[in-house]
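Structure assessment
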Number of protein chains: 2
Amino acid sequence: MNVILLSGGSGQRLWPLSNDIRSKQFIKIFKKENGEYESMVQRVYRQIKAIDPNANVTIATSKTQVSAINNQLGTDVGISIEPCRRDTFPAIALASAYLVDVQGVDINDPVVVCPVDPYVDEEYFKALNKLFELAAEGKANLNLMGIDPTYPSEKYGYIIPEDKADVSKVVAFKEKPDVETAKDYISKGALWNGGIFAYKLSYLLDKAHELIDFTDYKDLFNKYETLTKISFDYAVVEKEDSINVMRFGGLWKDLGTWNTLTEAMEENVIGEALLNENCDDVHIINDMNLPVIAMGIKNAVIAVSPEGILVSDKEQSSYIKPFVEKIEQPIMFAEKSWGSYRVIDVEKDSMTIKVTLNPGHSMNYHSHERRDEVWTVVRGSGRTVVDGFERSVHVGDIIAMKAGEKHTVVNNSDTELQLIEIQMGTDITVEDKQKFDL
Amino acid sequence: MNVILLSGGSGQRLWPLSNDIRSKQFIKIFKKENGEYESMVQRVYRQIKAIDPNANVTIATSKTQVSAINNQLGTDVGISIEPCRRDTFPAIALASAYLVDVQGVDINDPVVVCPVDPYVDEEYFKALNKLFELAAEGKANLNLMGIDPTYPSEKYGYIIPEDKADVSKVVAFKEKPDVETAKDYISKGALWNGGIFAYKLSYLLDKAHELIDFTDYKDLFNKYETLTKISFDYAVVEKEDSINVMRFGGLWKDLGTWNTLTEAMEENVIGEALLNENCDDVHIINDMNLPVIAMGIKNAVIAVSPEGILVSDKEQSSYIKPFVEKIEQPIMFAEKSWGSYRVIDVEKDSMTIKVTLNPGHSMNYHSHERRDEVWTVVRGSGRTVVDGFERSVHVGDIIAMKAGEKHTVVNNSDTELQLIEIQMGTDITVEDKQKFDL
């Protein structure tokens, strides 16, 4: 099975656990059988591989997510990197070209495309496999999965099928309706449109060539910034007559808001927290080394991270976006290809950061114009290079770098290297960074 | 006017803004006219001085509060330091002896004793002055202030007066009653016992000599640890026949819980926080450099400090104590005589701390057995001494101290000196500290 997982969007609706560079799909919030936690993207990837160990999975995403994907899934997974955001049609076209031109998938092979973020179980992936087979049979150009509605939701678009058969022709698509209209649709057998579909690669690439002037993947990638933003629905679905829909009645939860995300949590608390017996329907996700006590709180989510603290009624939590947009703050936590960093103190002319370097990894060789830095190694060992001077470093070693001095740290050990970085200067920003070849 | 302010108790009921070494009376939570914030102790001290600029104020407290008192009130205020906690009678006896033997107050002078933590205004201090004068007149041995009850509270003890005159003899004291009994008391003119009273020093010291074998203040101080715990009510009030009570009908709020404390706050938010329009009766006190968003929350207090995060229904907030006792955590923030420190990161074998040294102050000269330390100066300038070697330090300077090396930093400038201290070693505790003379 070829699968393209669409991993997009900013993480604002799940603030403070997601941010501009760490999206919700990477928050480790789902408890596995062994007691460890996994993220949405880890869960989906594991579930696909359980159904089809040979599945060829490609994640269509932006450059900012590549480090997190490699950290969480390793380097076996395909990644179709969108140089910038251009809506779903260019993203799907690019990923399809990536499968054919980079991975060498046969252009007559089918592929299933689905979002990375619904909460689903094994049945869903079996259904995905059926959808893949339907696309291979080629009775329709596009094959959609329709979700059996569990209530007359106003949040989803509806697919109106010709009849109530397991697979039937699509008669029409309907935008998000009001509750009464939704009830009417449902009585006629309508299904939620979860953005899950399958097609033969040749079909989609033909459509892409009709709309975009490009030769192959590389060419499309290079001119990606010049493309017009256009959704897959608008560019393809609305103009296509040959569409079938397959009913799916299993578990499917959209995890777009704290309200729906907490429904999918196995337990009410992740991290350090105490609740008194007068709390009811409270979920706490605490990603800080800081105890939380909740007393007499009901129907609420409490989320704590280095980015901030959310205390929200569950229903209200879906309206968070404009509030998050008001907050101006440097990114306080980030996963990088080489490890992670966490801002632990911010002052006017200094900033203190905890840097964790994974075994076998190193930072870029870089310098800053407006700040000096001091590293103190607090765990592990490795090598540092400062303006060409290399030395080995261990716990307790101190490395001082003046503004302008090029520097890097290499973790050549097989355990984590951790250092406290103190930045001192005026106008400290992540943009003040010049990279060099070592 | 001589005033003894009783400043006792652990800060658990106002966690996380108070802790074992920072009590609630030092939290800067009250907005002054100039927009700055002051603590309970600062507010009470300022209010006393406004009524009587020559008031002789002594704070009876434990050793752990001395630094905070000097930081917040300066060094003009008297402090009667209890070497350990021995309940209110020994504390009041020690403070009374302090007034006579250390401050040289005439033994025939009166003194008013009151808790440091009620929320009151000018009228209260005018009433205190009247109480002081009643004690000077000497018509009764003990002169109490009784608070006019505003509702039949189950939280307070009641004073039953002979009649409803402004000043009358006390007939009886009643323990915390149920609501119906409280209503009955109030109908008979009963008053709340707020622990506010005045006496002549000679009276109290005679009582003290009857119960405790001591010569003077210094002797009492030295044998303080050997004293039996006994309350002032039990040792004195219950055995005394000559007690008058003076009615007080002005503003008086007990600030013992988040519920009552937030009632006294001028504004709903202190620190960085955003509330949506569906929040109602929410107070947020955010003492961290971390944004808080509250949505759709009602009748709740959200308190955030380096010690932890409380999210509590206001009514429920008074039941916090057993939960705080469950939390095992090093003190994350403390005011010291020389400034303050804040733990900004805790790892297994390292800890990172931000130290702020006030102008003209220095740390103790000290060493540690089980940890190395690194200081990086991030603001201001001063001098450091490491094993006798003295140097001047400025922003960006790094000072490394191995376990066993004696060290101190002196802020001989007129601005704050700030440094990041990285501690590395096993079993890092505040107890691992040996002090030396410099």
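Residues numbered from 1 in each chain as written. Chains lettered and ligands numbered in written order. Predicted model: local features only at pLDDT ≥ 70, side-chain atom pairs only at ≥ 80, totals over all residues. Heavy atoms only, no water.

**Description of the overall build of chain A**
Scanning chain A for helices and strands turns up 10 helices and 30 strands. Taking 438 residues into account, the globule formula puts the C-alpha radius of gyration at 22 Å, and chain A, at 24 Å, falls close to it. When the backbone C-alpha atoms are referred to their principal axes, chain A occupies close to 70 × 60 × 40 Å. Expressed as a percentage of contacts within chain A between residues at least 6 apart in sequence, the contacts between residues at least 24 apart total 65%. For chain A, the accessible surface area stands at approximately 18,600 Å², while carbon and sulfur atoms represent 45% of it. Across chain A, the 47 positively charged side chains and the 68 negatively charged ones have centroids separated by 0 Å. (Helix = DSSP H or I, 4+ residues; strand = E, 2+ residues; numbered from the N terminus. Rg over C-alpha atoms; globule rule 2.2 N^0.38 Å. Contact = heavy atoms within 4.5 Å. Areas by Shrake-Rupley, 256 points an atom, 1.4 Å probe, with all protein chains shown as cover. Lys, Arg positive; Asp, Glu negative; His and termini not counted. Charge placed at Lys NZ, Arg CZ, Asp CG, Glu CD.)

**Here we look at the interface of chain A and chain B**
Each partner contributes to the interface: chain A provides 56 residues, whereas chain B provides 56 residues. For the pair chain A and chain B, the two sides together bury roughly 4,400 Å², of which 68% comes from carbon and sulfur. Of all residues in chain A, Ile-293, Met-295 and Ile-309 of chain A bury the most surface against chain B, accounting for 16% of the area lost on that side. For the pair chain A and chain B, the number of links is 6 salt bridges. (Buried area = accessible area lost by both parts, 1.4 Å probe. Salt bridge = Lys/Arg side-chain N within 4 Å of Asp/Glu carboxyl O.)

**Some thoughts on the relation of the copies chain A and chain B**
With an axial shift of 0.1 Å and an RMSD of 0.1 Å, the rotation relating chain A to chain B amounts to 180°. Here the copies are linked by what is in effect a two-fold axis. Judged by C-alpha distance, Ile-344 of chain A is the residue of chain A that lies nearest the rotation axis, at 2.9 Å. Taken together, the interface assignments show that 100% of the residues at the interface of chain A recur at the interface of chain B, consistent with an identical surface on both copies. (Least-squares fit on C-alpha atoms with pLDDT ≥ 70 in both.)

**Side note on the packing of aromatic side chains**
A full pass over the atoms with the stated rule returns 25 aromatic pairs over all chains. Where Tyr-124 of chain A meets Phe-248 of chain A, the ring centres are 5.8 Å apart and the plane angle is 75°; that geometry is what we call edge-to-face. One end of the pair, Tyr-124 of chain A, is in helix H4 (residues 122–137); the other, Phe-248 of chain A, is in strand E12 (residues 243–248), and 124 residues separate them in sequence. When sorted by exposure, Tyr-124 of chain A lands in the same class as Phe-248 of chain A, which is buried. Measuring from centroid to centroid gives 5.1 Å for Phe-30 of chain B and Tyr-119 of chain B, while their planes differ by 35°, and the two rings are tilted. A residue pair is termed long-range when its members are at least 10 positions apart, and Phe-30 of chain B in strand E2 (residues 30–31) and Tyr-119 of chain B in strand E7 (residues 118–120) qualify at 89 residues. No difference in accessibility class separates Phe-30 of chain B from Tyr-119 of chain B, as the two residues are buried. In this structure an aromatic cluster arises from ring pairing among Tyr-151, Tyr-156, Trp-192 and Trp-252 of chain A. Over the ring of Phe-436 of chain A we find Lys-406 of chain A, and its NZ or CZ is 4.6 Å from the ring centre. (Phe/Tyr/Trp six-rings, centres within 6.5 Å; stacked < 30°, edge-to-face > 60°. Buried < 20%, exposed > 50% of the residue type's maximum accessible area, 1.4 Å probe, protein only. Lys NZ or Arg CZ within 6 Å of the ring centre and 35° of its normal.)

**A look at the sheet that holds strand E27 (residues 398–401) of chain B**
All names here are of chain B. As summarised here, the arrangement of the 6 strands in space is E20-E21-E22-E29-E24-E27, forming an open sheet in which the pairing is antiparallel. Where the open sheet ends on each side, the last strands, each with one partner, are strand E20 (333–336) and E27. Across the sheet, the mean angle from the axis of one strand to that of its neighbour is 20°, orientation sign disregarded. The pairing of strand E24 (residues 371–379) with strand E29 (residues 417–425) spans 8 bridges and is antiparallel. By the bridge assignment for E29, Trp-375 is matched with Glu-421. (Pairing = 2+ DSSP bridges. Axes fitted to C-alpha atoms, helices over the stretch in contact; angles between N-to-C directions.)

**Brief notes about the sheet that holds strand E29 (residues 417–425) of chain A**
As a general point, the strands of a sheet are linked pairwise by backbone hydrogen bonds and lie either parallel or antiparallel. Residue and element names in this part refer to chain A. The strand order across the open sheet built from 6 strands is E20-E21-E22-E29-E24-E27, with neighbouring strands paired in antiparallel fashion. Two strands bound the open sheet, and with one partner strand each, they are strand E20 (333–336) and strand E27 (398–401). This sheet shows a mean twist of 20° between the axes of neighbouring strands, independent of strand direction. Direction of pairing for strand E22 (residues 350–357) relative to E29: antiparallel, over a ladder of 8 bridges. Paired with Lys-354 across the strands is Ile-420, a residue of E29.

**Considerations on the pairing of E29 of chain B**
By the criterion of burial, E29 of chain B is predominantly enclosed, with 9 of the 9 residues buried. The alternating pattern of E29 of chain B places Leu-417, Leu-419, Glu-421, Gln-423 and Gly-425 of chain B and Gln-418, Ile-420, Ile-422 and Met-424 of chain B on opposite faces, both of which are buried.

**Some remarks on the side chain of Lys-314 of chain A**
Residues and elements named next belong to chain A. Secondary-structure assignment places Lys-314 in the loop between strand E19 (308–313) and helix H10 (321–326). Residue class for Lys-314 comes out buried when judged on its relative accessible area of 7%. Residues within four places of Lys-314 in sequence aside, it is in contact with Asn-259, Thr-262, Asp-281, His-283, Asn-299, Ala-300 and Val-301.

**Here we look at helix H3 (residues 88–102) of chain A**
Residue and element names in this part refer to chain A. The first and last C-alpha atoms of H3 sit 20 Å apart over 15 residues, in line with the 21 Å expected at 1.5 Å per residue. In terms of residue burial, H3 counts as a mostly covered element, since 12 of its 15 residues are buried. Within H3, burial applies to Phe-89, Pro-90, Ala-91, Ile-92, Ala-93, Leu-94, Ala-95, Ser-96, Ala-97, Tyr-98, Leu-99 and Val-100. The first or second residue beyond H3 is Gly-104, which carries a positive phi of 75°. (Expected span 1.5 Å × (residues − 1).)

**Description of the environment of Gly-8 of chain B**
Residue and element names in this part refer to chain B. By the secondary structure assignment, Gly-8 is in the loop between strand E1 (2–6) and E2. According to the relative accessible area criterion, Gly-8 is partly exposed, its value standing at 32%. Setting aside its immediate chain neighbours within four residues, Gly-8 contacts Gln-25, Gln-65 and Arg-85.

**Some thoughts on a positive patch on the surface**
Residues and elements named next belong to chain A. Side chains of Arg-13, Lys-155, Lys-176 and Lys-321 sit close together on the surface and give a patch of like positive charge. Here Arg-13 shows up in the loop between strand E1 (2–6) and strand E2 (30–31). Classification of Arg-13 by relative accessible area gives partly exposed; the value is 35%. (Patch = residues over 30% accessible without salt bridge, like charges linked within 9 Å, V, L, I, M, F, W, Y side chains within 5 Å.)

**Considerations on the pattern of salt bridges**
Where charged atoms from two side chains of opposite charge approach closely, those side chains can pair. Inspection of the entire model under this criterion finds 50 salt bridges over all chains. Across the salt bridge formed by Lys-354 of chain B and Asp-345 of chain A, the nearest N and O atoms sit 2.8 Å from each other. You can see Lys-354 of chain B sitting in strand E22 (residues 350–357) and its partner Asp-345 of chain A sitting in strand E21 (residues 339–346), one on each of two chains. Classification of Lys-354 of chain B by relative accessible area gives buried; the value is 12%. Its salt-bridge partner being Lys-402 of chain B, residue Asp-372 of chain B comes within 3.5 Å of it at the nearest N-O pair. Taken together, the residues span a long stretch of sequence, with Asp-372 of chain B in strand E24 and Lys-402 of chain B in the loop between E27 and strand E28 (407–410) at a distance of 30 residues. Judged by its relative accessible area of 23%, Asp-372 of chain B is partly exposed.

**Section: helix H2 (residues 66–73) of chain B**
Residues and elements named next belong to chain B. Taken across its 8 residues, H2 has 6 buried, putting it largely inside the fold. All buried positions along H2 are accounted for by Val-66, Ser-67, Ala-68, Ile-69, Gln-72 and Leu-73. Its buried side turned inward, H2 meets helix H1 (40–51), strand E4 (56–62), strand E5 (78–82) and E20. Gly-74 sits one or two positions beyond H2 and adopts a positive phi of about 85°.

**Things to note about unusual backbone geometry**
Look at the link from Trp-15 of chain A to Pro-16 of chain A: it is a cis peptide, with omega at 5°. Within the secondary structure, Pro-16 of chain A is located in the loop between E1 and E2. For Asp-281 of chain A, which is not glycine, the phi torsion reads 55° and is therefore positive. Here Asp-281 of chain A is to be found in strand E16 (residues 280–286). A positive phi angle is found at Asp-87 of chain B, which is not glycine, with a value near 70°. Among the structural elements, Asp-87 of chain B can be located in the loop between E5 and helix H3 (88–102).

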